[in-house]
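# Overview (structure and organization)
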Amino acid sequence: MNMNYLNINKLLLVICICAVTSFAATAQTSTETILRQIEANNPQLKAAAAEADAEKIENRSRALLENPEFEFNYLWGADGIGNRRDFRVTQAFDVATLTGMKSRQVAGQNEMSALKYKSERLNVLLEAKQACIDLIYYNALKAELSTHLEQAQTLVTSFEKRLKAGGANVLDLNKAKVHLTTVRGQISQVEVERQTLIATLKSLNGGQDVALEDCDYGLAENLPADFDSWYESASQKNPVLEYVRQEVTLGQKQLSIDKTAWVPELTVGYMSELTTADKFRGVTVGVNIPLWSNANKVKQSRAKIAAAESRKVAAEQQFYFDLLAQYNRAASLKANSELMRASLSETDSRDYLLTAQSKGEISMIEYLVETDQYYEALEQTLTAERDYHQALAQLNAVEL
């Protein structure tokens with residue numbers, strides 16, 4: 001009866017553990033989900049989006065015709081002549097507006113505003129993704145140190161029992177206690193770093209809580225097999241490169257507009273002149289001849305195009321060599337992290353060391369040296385894996 005009761009309790013405990021684990025897995029938030037939350041809630045991105053909308057509205061106003069002019073005159077005449085009333089309304093027309101050149105220029109300017117927002121979005125999401133990668137690293141490190149803490153606590157408990165039985169000395173017990181304190185300190189430091197990263201993500205998420213308990217990166221990213229072919233695609237998606245290329249295009253469109261500025265501006269309108277004896281009504285036509293106001297505009301536009309082309313070439317070169325260096329670094333980190341992980345898996349003897357020490361097969365000093373050496377290698381492996389994913393995140397930032 002007692003055995004059945006114990007078995008039932010064990011079964012209930014297993015069910016509870018499975019339920020809690022399932023709930024925790026459901027409650028955990030993946031990196032991609034966090035990035036989407038931050039994209040929706042980040043105040044910096046909201047401000048950038050509002051600024052882009054304002055710029056687009058301002059740009060549209062530049063494609064409109066000049067305001068019409070209304071004029072009214074009331075003139076007093078001498079006795080017997082009467083008074084005179086003049087009324088005139090006119091509208092000026094320029095070639096750039098009538099032919100749609102300004103509208104096409106505005107479309108390009110709106111694209112520039114959108115690219116500025118894309119660049120800001122990329123920076124914010126990359127910062128958030130790197131914070132997530134760091135947080136996953138500390139989650140994994142904390143999980144490993146928690147195992148280390150359990151073993152250290154087991155060791156202290158074992159020495160306390162052995163000391164009471166006369167099978168150990170106080171010095172070994174003290175060493176075990178110091179070792180336990182050291183591990184607790186390491187976990188405490190890791191928790192400080194975790195909370196700092198959680199606060200960073202919360203700030204990026206507009207003050208809303210963020211949960212990320214994953215110990216595995218689980219990112220659907222891989223190092224490109226061929227850099228040059230991958231670069232061709234990445235260079236077309238980078239908003240900074242798109243921006244400097246668009247600057248050249250806009251400069252060329254502005255040059256075309258400035259060339260039309262030498263075409264006289266036509267003004268058409270209606271005019272009436274009313275006196276006591278006579279009434280005159282008719283059409284008024286005028287021409288605005290640009291003799292001085294447009295001087296050097298074409299030269300200025302050509303100079304701006306040359307500067308924009310130089311910026312484009314410089315940006316493309318810098319982007320290429322920055323990505324090439326990042327690609328080579330990521331490839332090196334990938335190979336290094338995989339080698340370290342494989343080596344670590346082959347040399348994991350933590351359980352054996354604890355058993356051997358409890359049986360007196362190895363000394364306390366030997367146990368501490370071997371254990372510390374393993375966890376030092378483990379931390380280096382986790383750091384290498386973190387650095388690889390950070391490099392990969394920067395390399396694939398254009399995909400965010």
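Note that the structure is a prediction, hence the values are computed from the model and not measured.

## A closer look at a nonpolar patch on the surface
- Side chains of Leu-266, Val-268, Val-283, Val-285, Val-287, Ile-289, Leu-291 and Trp-292 sit close together on the surface and give an oily, nonpolar patch of about 850 Å² of accessible area.
- Of all the secondary-structure elements, those providing two or more residues to the nonpolar patch are β3 (265–274) and β4 (279–288).
- Top contributing element to the nonpolar patch by residue count: β4, with three residues.
- Take Leu-266: it is sitting in strand β3.
- A relative accessible area of 38% means that Leu-266 is categorised as partly exposed.

## Topic: the pattern of salt bridges
- Tallying each qualifying case throughout the model produces 21 salt bridges.
- Residue Glu-55 pairs with Lys-116 through a salt bridge whose shortest N-O separation is 2.9 Å. Residue Glu-55 is found in helix α3 (residues 43–61), and its partner Lys-116 is found in helix α5 (residues 101–164); the two are separated by 61 residues along the sequence.
- We note a salt bridge from Glu-213 to Arg-194, for which the minimum N-O separation is 3.4 Å.

## Re the environment of Glu-399
- Along the chain, Glu-399 turns up in the segment after α11 (364–395).
- Residue Glu-399 is classed as partly exposed on the basis of its relative accessible area, which comes to 47%.
- Here Lys-237 takes part through its side chain, which lies 2.9 Å from a polar atom of the side chain of Glu-399.

## Some remarks on the packing of α3 against α5
- For the pair α3 and α5, interaxial distance at closest approach is 9 Å and the crossing angle is 175 degrees. When the axes of α3 and α5 are compared, the pair comes out roughly antiparallel. Contacts between α3 and α5 involve Gln-44, Leu-45, Ala-48, Ala-49, Ala-52, Glu-55, Lys-56, Asn-59 and Arg-60 on the former and, on the latter, Val-106, Gln-109, Asn-110, Ser-113, Ala-114, Lys-116, Tyr-117, Glu-120, Arg-121 and Val-124.

## Points about the packing of helix α7 (residues 227–237) against helix α8 (residues 239–260)
- Running from amino to carboxyl end, α7 crosses α8 at an angle of 65 degrees, the nearest separation of the two axes being 5 Å. Judged by the inter-axis angle, α7 sits roughly perpendicular to α8. Residues Ser-235, Gln-236 and Lys-237 of α7 lie in contact with α8, whose contacting residues are Pro-239, Leu-241, Glu-242 and Arg-245.
- Taken together, the residues of the contact of α7 with α8 sort by class into two nonpolar, two polar and three charged.

Criteria and cut-off values
Residues numbered from 1 in each chain as written. Predicted model: local features only at pLDDT ≥ 70, side-chain atom pairs only at ≥ 80, totals over all residues. Heavy atoms only, no water. Patch = residues over 30% accessible without salt bridge, like charges linked within 9 Å, V, L, I, M, F, W, Y side chains within 5 Å. Areas by Shrake-Rupley, 256 points an atom, 1.4 Å probe, with all protein chains shown as cover. Salt bridge = Lys/Arg side-chain N within 4 Å of Asp/Glu carboxyl O. Helix = DSSP H or I, 4+ residues; strand = E, 2+ residues; numbered from the N terminus. Buried < 20%, exposed > 50% of the residue type's maximum accessible area, 1.4 Å probe, protein only. Polar contact = N/O pair within 3.5 Å; in protein donor to acceptor, adjacent residues only side chain to side chain. Axes fitted to C-alpha atoms, helices over the stretch in contact; angles between N-to-C directions. Parallel < 35°, antiparallel > 145°, perpendicular 65-115°, else oblique. Contact = heavy atoms within 4.5 Å. Nonpolar A, V, L, I, M, F, W, Y, C, P; charged D, E, K, R; others polar.

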